[in-house]
Amino acid sequence: MNVTFLYFEDCPSYDVALERLRLVMAEEGIEADVEVIKVETEEQAHSLQFIGSPTIRVNGQDIDPPDAATPYRLTCRAYQLEDGRISPLPSAGMIRRRLQSQDR
Amino acid sequence: MAKLKIGDKAIPFALPGVDGEEHSLGDYADNEAVVVFFSCNHCPYVMAWEDRMVQVQADYADKNVQLIAISANDAQKYPADSFAKMKERAQAKGFNFPYLYDETQEVARYYGSERTPEFFVFDKKGVLRYHGAMDDNYDNPQAVTRQYLRDALDAVLAAQTPGVAETPPVGCTIKWK
């Protein structure tokens, strides 16, 4: 399994999101390394197809696939949680579901 | 950090609101406290907190407290932050406070605001008494342990000094032109 964590430093919660990812991976018994990529320029955002911070990909798949029209940019990302609220962070459940769907 | 420091006087402004009216800081000179906060549409931190913003205004309206939201983001790069979209957001979320557009970004620069949301609480004399975040948990309203904004308002309304005068604002950076 390949896990990638992309972030933009100006968005303050990336460390919390990374910790949440590592915790869920540990709970699921997934020992894969997490590739952490700091996205620093708009050009890099385009080349990495980065829609916002934080972005977590499992085997290249975003844990919360964006609409095709979502622009690539250095920005903070909005996740819609299970209860409908908006959060700057993906939920543990969102992370877990993607990990479980790929870990077959 | 803000160019405004605790103890400084509020900087006047006059900005267009989504209600079609121009709003000046002086319009609120008779309020017991005024909360100027820099906000926007697209930022997920704002979106996580905005129901709580509406609730604070509702809870403190009868105490003559006025919240005023200002968006200064570059709408060319962030179309979701356009004035038209601001009107839509205010209507959709039932904003019970003015939502103003700082198109030139001058007010945001004068205040020294860097993030959205970022709160400035002024007492009835227009003196800055609290600056920073709304509370200590953007992610989960049920897990908030420190109500910085509410505590500051309670102190200001009681003519007391807020126990916590300043916290680092948490949110997206203001999108400068």
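Just above, that's the structure.
Peer 1: Before we go on, may I ask you to explain the sheet that holds strand 4 (residues 65-71) of chain B in this structure?
Peer 2: Pairing between the strands of a sheet comes from backbone hydrogen bonds, and it takes one of two forms, parallel or antiparallel. Residues and elements named next belong to chain B. Spatially, 5-4-3-7-8 is the arrangement adopted by the five strands of the open sheet, whose pairing is mixed. The sheet is open, and its two borders are formed by strand 5 (99-101) and strand 8 (128-132), each paired with just one other strand. Strand-to-strand twist in this sheet, taken as the mean axis angle between neighbours without regard to direction, amounts to 20°. Bridge count for strand 3 (residues 33-39) against strand 4 is seven bridges, and the pairing is parallel. Of the residues in strand 4, the one forming a bridge with phenylalanine 37 is alanine 69. Docked against the sheet, helix 4 (residues 148-157) engages strand 3, strand 4, strand 7 (118-123) and strand 8, running at close to 10° with respect to strand 7.

Peer 1: I keep staring at the interface of chain A and chain B and nothing clicks. Help me out?
Peer 2: Much of the literature gives interface size as the accessible area that the parts lose upon coming together. Each partner contributes residues to the interface: chain A has 11 residues there, and chain B has 10 residues. In the side of chain A that touches chain B, the residues fall into seven nonpolar, one polar and three charged.

Peer 1: Looking at this structure, how should I read the nonpolar core?
Peer 2: Nonpolar side chains in soluble globular proteins tend to end up buried together. Counting residues in each nonpolar core, the largest one holds 74 residues, and the members touching the most others are B:Val35, B:Tyr45, B:Ile68, B:Ile70, B:Phe120 and B:Val121. Of the residues forming this core, the biggest block, eight residues, is contributed by helix 1 (residues 44-60) of chain B.

Peer 1: Is there a simple way to think about the sheet that holds strand 1 (residues 3-7) of chain A in this case?
Peer 2: Residues and elements named next belong to chain A. Across the sheet, four strands lie side by side as 2-1-3-4; this open sheet has mixed pairing. The open sheet has two edge strands with one neighbour each: strand 2 (34-38) and strand 4 (61-62). Pairing of strand 1 with strand 2, which is carried by five bridges, proceeds in the parallel orientation. What sits directly across from valine 3, in strand 2, is valine 34.

Peer 1: What is the right way to read the packing of helix 1 (residues 14-27) of chain A against helix 3 (residues 92-102) of chain A from this model?
Peer 2: Any two packed helices are characterised by how steeply their axes cross, that is the angle between the axes, and by the distance between the axes. Residue and element names in this part refer to chain A. Running from N to C, helix 1 and helix 3 cross one another at 50°; their axes reach a closest spacing of 10 Å. Overall, the two elements helix 1 and helix 3 adopt an arrangement that is oblique. As helix 1 packs across helix 3, the resulting crossing turns out to be right-handed. Counted together, Arg20, Leu21, Val24 and Met25 of helix 1 and Ala92, Ile95, Arg96 and Leu99 of helix 3 form the full contact between these two elements. For the contact of helix 1 with helix 3, the class distribution of residues is six nonpolar, no polar and two charged.

Basis of the calculations
Residues numbered from 1 in each chain as written. Chains lettered and ligands numbered in written order. Predicted model: local features only at pLDDT ≥ 70, side-chain atom pairs only at ≥ 80, totals over all residues. Pairing = 2+ DSSP bridges. Helix = DSSP H or I, 4+ residues; strand = E, 2+ residues; numbered from the N terminus. Axes fitted to C-alpha atoms, helices over the stretch in contact; angles between N-to-C directions. Contact = placed C-beta atoms within 7 Å. Nonpolar A, V, L, I, M, F, W, Y, C, P; charged D, E, K, R; others polar. Core = buried A, V, L, I, M, F, W, Y, C linked by C-beta atoms within 7 Å. Buried ≥ 20, exposed ≤ 12 C-beta atoms within 10 Å, placed from the backbone. Parallel < 35°, antiparallel > 145°, perpendicular 65-115°, else oblique. Left-handed = near helix turned anticlockwise from the far one by under 90°.

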